[in-house]
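Close look at the chain arrangement
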Amino acid sequence: MNTRDVEQKLRHVIDPELGIDIVSLGLVYGIEVEGEDVHIAMTTTSPQCPMGEALVGMVESVLEYGERDGTTSVEVVFDPPWDVRMADMAALRQLGLVPR
Amino acid sequence: MTLAAPGRGPALALVAPFFLAAPLGLALAGLILAFSNGDTLLAINAPRTVALTHAAVIGWLTMGIFGAVYQLGPAVLGGRLVSSRLARVHFFVHATVVPAFVWTFWQWDVRLMGYAASGLVLSFILFLINAFPAIGTLRRGALPARYLGASLVMLAVTAGFGITWAGTLQHLWFPVTMGRLAGHAHLGLLGWLGLTLMGVAYQLAPMFNVVQRKRPVAGGPILALTVTAALGGGLVLMADPGPWVRLAVAAAMAAGPGAWGIEMLRLMLARSRRTLDVQGRATFVSLGFLVVTICLGLLAAIGKPVSPGHEPTRLLLGYGIAGVSGWAGIMLIGNSYKILPFLVWYHRYRQLAGIRPVPVVADIYSEGAARAVLAVHTTGTIVAIAGALLGDLNILRAGGLMLTLGAALHMVSLAHIVLAPHAPAPRRIGPGEVATR
Ligand code: HEM
């Protein structure tokens with residue numbers, strides 16, 4: 001698995017409140033792949049986000065789904081704080097920030 | 001991994017009954033309004049009006065707020081419940097006592113009122129045992145926790161005066177003058193309901209509407225101002241002051257919510273989630289009613305009594321409906337469509353998410369049904385205010401019926417959230433990709 005594969009998998013993790021995947025939202029700050037081991041640095045839209053724990057669980061689930069030998073670690077960071085400008089065009093469109 | 005707020009949610013079966021039962025209080029209040037009689041427009045302390053008030057504030061709003069505190073405390077503020085079983089017992093106590101309490105006002109049976117009032121005090125004690133730890137030790141300095149802490153104290157103070165007034169109605173220790181009535185009423189309305197909703201809004205409005213470019217700037221001073229005005233103003237009102245002092249108290253009481261309203265408007269206008277869902281819409285509508293409430297409240301403070309010895313009843317009634325049903329009520333209705341679906345998602349789908357397609361929060365409630373509830377309730381509130389201000393009993397009654405209809409719709413749509421199966425809607429999951437998750 002390489003970082004692109006991981007990113008593709010993470011696109012299946014949908015923020016349950018916004019209905020947008022976490023990669024498009026820009027919540028994934030870093031993906032490191034060492035052999036079969038994957039380390040994700042991610043954030044949430046706000047530090048008090050009640051979905052934070054659930055999002056981490058979802059990331060772990062999609063990465064550990066199916067046959068894989070390595071470990072998965074997820075680190076939640078708030079520096080830098082998430083900003084909507086980190087989201088991609090499609091996410092901005094869904095948020096209503098740019099016309100559809 | 002460190003998360004500032006662990007997403008520990010209480011059981012759905014604990015919180016949902018509070019949200020499902022709350023609209024019953026609104027339906028009851030609407031029905032009482034629909035059965036208004038001539039006294040309703042003549043005296044603000046007419047038995048039916050006091051029954052109506054408590055059905056709305058304790059049966060509806062307080063019941064809903066109980067559910068919200070039990071949910072948001074552990075899930076968002078990092079607190080914990082002392083005992084879930086106690087919270088369940090509390091539900092049954094409150095749900096049993098409220099109809100009895102309202103009935104004693106309707107009948108004006110001062111003896112039974114005393115018993116029912118004691119039951120209500122018990123309900124509040126059971127709540128407070130869980131509520132103080134629930135609002136969090138982790139983030140006690142945070143604005144919402146400070147507002148909620150203050151509002152819980154205000155609830156205790158309000159209930160203290162309430163049981164005293166019920167006691168004196170039975171034992172005739174002293175008269176419950178209009179001023180004493182107004183003091184207790186404002187401690188409850190501004191101190192308990194107002195502060196709670198203001199605090200919860202500081203948490204939820206920016207979170208759900210993705211507000212980042214602006215932060216609350218005056219939350220602390222607004223809290224201090226509102227607590228001082230509710231407590232100080234409430235006590236001053238109890239001394240039955242003259243019109244100018246009443247006006248000064250009214251202005252002081254309006255200042256906090258007014259400034260908070262401006263803050264909310266600033267935050268909401270800076271939101272990154274431009275598409276408004278029912279919670280966002282309800283926030284704006286509720287802010288509109290806050291303006292109406294403040295205007296009517298100030299007018300009522302200087303208003304001419306309709307007859308000697310009476311308050312300006314029609315203005316006060318309109319003011320009360322605007323504040324309770326409009327400002328506070330619509331805020332609660334809007335937030336119900338976030339809090340309850342979140343809880344359902346958390347308990348039913350969190351474990352499955354990432355493994356198989358699950359609905360998102362927006363798939364769990366019907367936006368169309370929620371907007372219909374908001375529209376019917378808003379119309380009912382406007383009609384009832386108009387009926388009160390015009391002194392037209394039929395318009396007032398029609399408003400009451402609409403509020404009951406809105407409450408029934410609200411209850412059905414909340415029950416649907418909890419009981420119905422939910423399907424994930426088709427949505428984009430990656431660039432250029434549309435999939436049915
Ligand atoms: C143990 C709890 C409570 C008791 C025993 C109680 C009792 C009473 C009584 C006896 C009156 C009427 C006095 C009279 O007309 O002579 C009254 C009025 C009022 N109470 Fe309460 N109360 C309680 C809690 C609350 C709370 C929590 C709120 C607000 C959230 C509230 C809001 C009001 C209002 C607005 C009025 C004025 C009603 C009107 O003028 O029609 N009460 N209460």
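These numbers were taken from a predicted model, which means no experiment stands behind them. Counting starts from 1 at the beginning of each chain's written sequence and moves along it residue by residue. Working convention: letters from A go to chains and numbers from 1 go to ligands, in the order in which they are written. Since the coordinates come from a predicted model, pLDDT governs what is reported: local features require at least 70, and pairs of side-chain atoms require 80 or more to be given and counted, while whole-chain, interface and lining totals use all residues. Heavy atoms from the whole structure form the basis of all side-chain values; hydrogens and water molecules are not counted.

**What to know about the overall build of chain A**
- Counting from the N terminus, the helices are the DSSP runs of H or I reaching at least four residues and the strands are the DSSP runs of E reaching at least two. Looking only at helices and strands, chain A features four helices and five strands.
- In chain A, the succession of helices and strands from N to C terminus is α-β-β-α-β-β-α-β-α.
- In terms of overall dimensions, chain A is globule-like: its C-alpha atoms have a radius of gyration of 13 Å, near the 13 Å expected for 100 residues.
- Relative to its 100 residues, chain A shows a buried fraction of 52%.
- In chain A, 60% of the contacts between residues at least 6 apart in sequence involve partners at least 24 apart.
- Surface exposure here means Shrake-Rupley accessible area, sampled with a 1.4 Å probe, where a residue is shielded only by the protein chains that are shown. In the form shown here, chain A has an accessible surface area of approximately 4,500 Å², with 48% of it arising from carbon and sulfur atoms.
- Between the averaged position of the 7 positive side-chain charges in chain A and that of its 18 negative side-chain charges there is a distance of 12 Å. Every radius of gyration here is taken over C-alpha atoms, with the globule rule written as 2.2 Å times N^0.38, N being the number of residues. Only protein chains enter the area calculation, which uses a 1.4 Å probe; residues under 20% of their type maximum are buried, those over 50% are exposed, and those in between are partly exposed. When checking whether two residues touch, look at their non-hydrogen atoms; a contact exists if any pair is within 4.5 Å. Charge assignment in this entry is limited to Lys and Arg as positive and Asp and Glu as negative, and neither His nor the chain termini are counted. Charge placement uses NZ in Lys and CZ in Arg. For Asp and Glu, CG and CD serve respectively.

**Section: the site of the ligand**
All names here are of chain B.
- Residues are classed as near a molecule or strand on a simple rule: at least one heavy atom within 4 Å of it. In the vicinity of the ligand lie 30 residues, with I44, T53, H54, G162 and H184 positioned nearest.
- Taking T53, its side chain carries an N or O atom lying 3.4 Å from an oxygen atom of the ligand.
- At 2.8 Å, a side-chain N or O of H184 approaches a nitrogen atom of the ligand.
- For the shell around the ligand, the elements supplying multiple residues, two or more each, are α2 (47-77), α3 (84-107), α4 (110-134), α5 (143-171) and α6 (178-208). N or O atoms within 3.5 Å of each other form a polar contact, as long as, within protein, one can give a hydrogen and the other can take it, and as long as residues adjacent in sequence are counted only when both atoms are side-chain atoms.

**Details of the environment of B:L223**
Residue and element names in this part refer to chain B.
- Tracing the sequence through the fold places L223 in helix α7 (residues 219-237).
- Along the chain, L223 and L247 lie 24 residues apart, while their C-alpha atoms are 21 Å from each other.
- Residues in contact with L223, not counting those within four places in the same chain, are R146, Y147, A150 and L195.

**A few points about unusual backbone geometry**
- Residue A:P80 follows A:D79 across a cis peptide bond; omega there is 5°.
- Of note, A:P80 is situated in the loop between β5 (72-76) and α4 (89-95).
- Its identity is not glycine, yet B:L172 carries a phi of approximately 55°, on the positive side.
- For B:L172, the location among the structural elements is in the loop between α5 and α6.
- In this structure B:L172 comes out as exposed when scored by relative accessible area, which is 69%.
- Notably, B:D240 is not glycine yet its phi reads approximately 45°, a positive angle.

**A word on the pattern of salt bridges**
- Each salt bridge in this description consists of a side-chain nitrogen of Lys or Arg and a carboxyl oxygen of Asp or Glu lying within 4 Å of one another. The tally for this structure, following the rule as stated, stands at nine salt bridges over all chains.
- A salt bridge links A:R11 to A:D21; the nearest nitrogen and oxygen atoms lie 3.9 Å apart. Taken together, the residues A:R11 in the loop between α1 (3-10) and β1 (14-15) and A:D21 in strand β2 (residues 20-21) connect sequence positions 10 residues apart. Of the two residues, A:R11 and A:D21, both sit in the buried class.
- We note a salt bridge from B:E367 to B:R371, for which the minimum N-O separation is 3.0 Å. Here B:E367 pairs with B:R371, and both are found in helix α12 (residues 367-390), just four residues apart, close to one helical turn.
- Residue classification places B:R371 among the partly exposed residues on the basis of a relative accessible area of 34%.
- One connected set of salt bridges, linked through shared partners, spans A:E17, B:R273, B:D277 and B:K338.

**Here we look at the nonpolar core**
- Remark: nonpolar core denotes a set of buried residues (Ala, Val, Leu, Ile, Met, Phe, Trp, Tyr, Cys) joined through side-chain atoms within 4.5 Å. Judged by nonpolar contacts, the single largest core of 170 residues is most densely connected at B:F127, B:W260 and B:W345.
- Ranked by residue count, the leading element in this core is helix α10 (residues 313-348) of chain B, at 20 residues.

**Quick word on the interface of chain A and chain B**
- The partner chain B presents 36 residues to the 39 residues of chain A that form the contact.
- At the junction of chain A and chain B, the tally comes to two salt bridges.
- Linking A:E17 and B:R273 is a salt bridge whose minimum nitrogen-to-oxygen distance equals 2.7 Å.
- Applying the counting criterion to the chain A and chain B interface returns eight residue pairs in polar contact (both at pLDDT 80 or more).
- Residue assignment for the side of chain A that touches chain B shows that the elements contributing at least two residues are β1, β2, α3 (52-64), β5 and α4 of chain A.
- The greatest single-element share of the side of chain A that touches chain B, amounting to seven residues, is contributed by α3(A).
- Residues are sorted three ways: Asp, Glu, Lys and Arg are charged, Ala, Val, Leu, Ile, Met, Phe, Trp, Tyr, Cys and Pro are nonpolar, and all the rest, Gly among them, are polar. Residues belonging to the side of chain A that touches chain B are distributed by class as follows: 22 nonpolar, 11 polar and six charged.

**Let's talk about the pairing of β5(A)**
Residues and elements named next belong to chain A.
- Here β5 shows one buried face, formed by T72, V74 and V76, and one open face, formed by S73 and E75.
- Here five bridges tie strand β4 (residues 37-42) to β5, and the two strands are oriented parallel to one another. Bridging across to β5, A41 finds its partner in E75. Pairing between strands is defined by DSSP: at least two bridges between the two strands are required.

**Things to note about the side chain of B:T168**
Residues and elements named next belong to chain B.
- If you trace the backbone, T168 turns up in helix α5.
- According to the relative accessible area criterion, T168 is buried, its value standing at 1%.
- From its side chain, T168 meets the backbone nitrogen of W173 in a polar contact 3.2 Å long.
- Contacts of T168, omitting those with residues within four sequence positions, involve W173, F174 and V176.

**Side note on the sheet that holds strand β3 (residues 28-34) of chain A**
Residues and elements named next belong to chain A.
- Read across the sheet, three strands follow the order β3-β4-β5 without closing on themselves; strand pairing throughout is mixed. Only two strands of the sheet have a single neighbouring strand rather than two, namely β3 and β5. Mean inter-strand twist for the sheet, computed between neighbouring axes without regard to direction, equals 10°.
- Strands in contact with α1 are β3 and β4; relative to β3, the strand with the most contacts, it is inclined by about 135°.
- Only C-alpha atoms enter the line fits that serve as axes; for helices the fit covers just the stretch in contact. Angles between N-to-C directions range over 0 to 180 degrees. Each of β4 and β5 is contacted by α3, which is oriented at about 155° to β5, the strand it contacts most.

**So, the confidence of the model for chain B**
Residue and element names in this part refer to chain B.
- What pLDDT conveys is the predictor's confidence in a given residue, as a value from 0 to 100. Of all residues in chain B, 92% attain a pLDDT of 70 or more, and the chain-wide mean is 90.
- For the stretch residues 1-7, pLDDT sits under 50, and the model shows 24 contacts to residues farther than four places along the chain or on other chains.
- Counting interchain partners and residues more than four positions distant, the pLDDT-below-50 stretch residues 428-437 has 31 contacts.
- This prediction of the complex comes with two scores: 0.91 for pTM and 0.84 for ipTM.

**Overview of helix α8 (residues 243-269) of chain B**
- Here α8(B) spans 37 Å end to end across 27 residues, near enough to the 39 Å set by a 1.5 Å rise per residue.
- Fitting axes to the seven residues ending at a residue and to the seven starting there, one defines the bend at that residue as the angle between these axes. Taking the largest bend as the criterion, α8(B) deviates by roughly 30°, centred on B:A255, and proline B:P257 comes between one and four positions later. The span one expects for a helix is its residue count, reduced by one, times 1.5 Å.

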